[in-house]
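So the chains spell out like this:
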Amino acid sequence: ASAFRAPSFDDLYYPGSGNRSIRPERSHAIEAALQYAADAFGIARLTAFQTNYSDLINYVPTQGGLFYIAKNVGRAKVQGLEASWRGHVGKTDIRAAFTVQNPVDEDAGVDLNRRSRHFASFAANRDIGAWRVGGEWILSGARSDSGTALGGYGVVNLSARYRITKAWYVAAQIDNLFDKHYELAYTYNTPRRSAFITLGWQQQ
């Protein structure tokens, strides 16, 4: 597959970090997958992938490190392998995935900013009468942000949903249950523990 990404308004004009001379990002990707599916087992999939970028849009710190500015990486490549499984354990729906990859800035010979070499996820959901309850565990390894190491993290989210009628439902969600402190970008905090309640309607 081939892809094209035009610079966003922020990439071009955001105060302090926009770059009006930034070029569009282009990429070419290839992947090969092996899949096994059976009613009693579920679906297992193993995928190998490689994506080559030209003019990858990236953010790097300015002099003094107070701001980040959009710049192009001339050549970059991401190679990796992903294993996943989706199935049932009793009456519980399970999803699990694990990815290892090698995200490289080929011009500088270093890892691409803010991209971990390995990450994983695990989710379980179960219907109990009119309820559907579940949770997910999202994990990521360490990353680098322009030479600054960002530690790995694991975040747990919980959710519950109750069908009031066939059309109406109420749902609750807790994100970052254990109030984990982590950064996806250096000096930019991520949300701490948060909770949401939703009243919804679906057309039948």
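1. Quick notes on the overall build of the chain
The helix and strand inventory of the chain stands at 1 helix and 15 strands. Overall, the C-alpha framework of the chain stretches about 60 × 40 × 35 Å when taken along its three principal axes. Within the chain, the fraction of its 204 residues that count as buried is 27%. Contacts in the chain between residues at least 24 apart in sequence constitute 46% of all its contacts with a sequence separation of at least 6.

2. Here we look at a nonpolar patch on the surface
On the surface, Ile128, Trp131, Tyr162, Ile164, Trp168, Leu199 and Trp201 cluster together into a nonpolar patch covering about 770 Å² of accessible area. Within the secondary structure, Tyr162 sits in strand E11 (residues 153–163). Accessibility expressed as a relative area gives 31% for Tyr162, which makes it partly exposed.

3. Some points on the environment of Asn125
Assignment of secondary structure puts Asn125 in strand E7 (residues 118–128). Sequence separation of Asn125 and Ala1 is 124 residues, and the distance between their C-alpha atoms is 33 Å.

4. A few points about the pattern of salt bridges
The tally for this structure, following the rule as stated, stands at 11 salt bridges. Where Glu106 meets Lys77, a salt bridge forms, and the shortest distance between an N and an O atom there is 3.8 Å. Of this pair, Glu106 sits in the loop between strand E5 (92–105) and strand E6 (110–111) while Lys77 sits in strand E4 (residues 68–89), placing them 29 residues apart in sequence. Given the relative accessible area of 22%, Lys77 is considered partly exposed. Here Arg117 makes a salt bridge to Asp111, at a shortest N to O gap of 2.8 Å. A single network of salt bridges, built from pairs that share partners, joins Arg75, Lys77, Glu106 and Asp107.

5. With respect to unusual backbone geometry
Although it is not a glycine, Asp55 adopts a positive phi angle of roughly 60 degrees. Relative to the helices and strands, Asp55 is located in strand E3 (residues 42–61). Judged by relative accessible area, which is 18%, Asp55 ranks as buried. With a phi angle near 55 degrees, Ser146 is a residue other than glycine that sits in the positive phi range.

6. What to know about the packing of aromatic side chains
Under the definition given, this model contains 5 aromatic pairs. An angle of 50 degrees between the planes, with centres 5.0 Å apart, marks the rings of Trp131 and Tyr162 as tilted. Of this pair, Trp131 sits in strand E8 (residues 131–140) while Tyr162 sits in strand E11, and the two are 31 residues apart along the sequence. You can call Trp131 partly exposed: its relative accessible area is 42%. Through a chain of ring-to-ring contacts, three or more aromatic side chains come together here, namely Tyr36, Phe41 and Trp85. One residue, Arg161, lies across the ring of Tyr169, its end atom 3.7 Å from the ring centre.

7. Focus: the nonpolar core
By size, the foremost hydrophobic cluster in this structure holds 6 residues: Tyr53, Leu56, Val73, Ala76, Val78 and Leu112. Here this core gets 3 residues from one element, more than from any other, and that element is E4. Here Leu112 is in contact with Leu56, Ala76, Val78, Pro103, Val104, Asp105 and Ser144, once residues within four sequence places are set aside.

Definitions and cut-offs
Residues numbered from 1 in each chain as written. Predicted model: local features only at pLDDT ≥ 70, side-chain atom pairs only at ≥ 80, totals over all residues. Heavy atoms only, no water. Helix = DSSP H or I, 4+ residues; strand = E, 2+ residues; numbered from the N terminus. Buried < 20%, exposed > 50% of the residue type's maximum accessible area, 1.4 Å probe, protein only. Contact = heavy atoms within 4.5 Å. Patch = residues over 30% accessible without salt bridge, like charges linked within 9 Å, V, L, I, M, F, W, Y side chains within 5 Å. Areas by Shrake-Rupley, 256 points an atom, 1.4 Å probe, with all protein chains shown as cover. Salt bridge = Lys/Arg side-chain N within 4 Å of Asp/Glu carboxyl O. Phe/Tyr/Trp six-rings, centres within 6.5 Å; stacked < 30°, edge-to-face > 60°. Lys NZ or Arg CZ within 6 Å of the ring centre and 35° of its normal. Core = buried A, V, L, I, M, F, W, Y, C linked by side-chain atoms within 4.5 Å.

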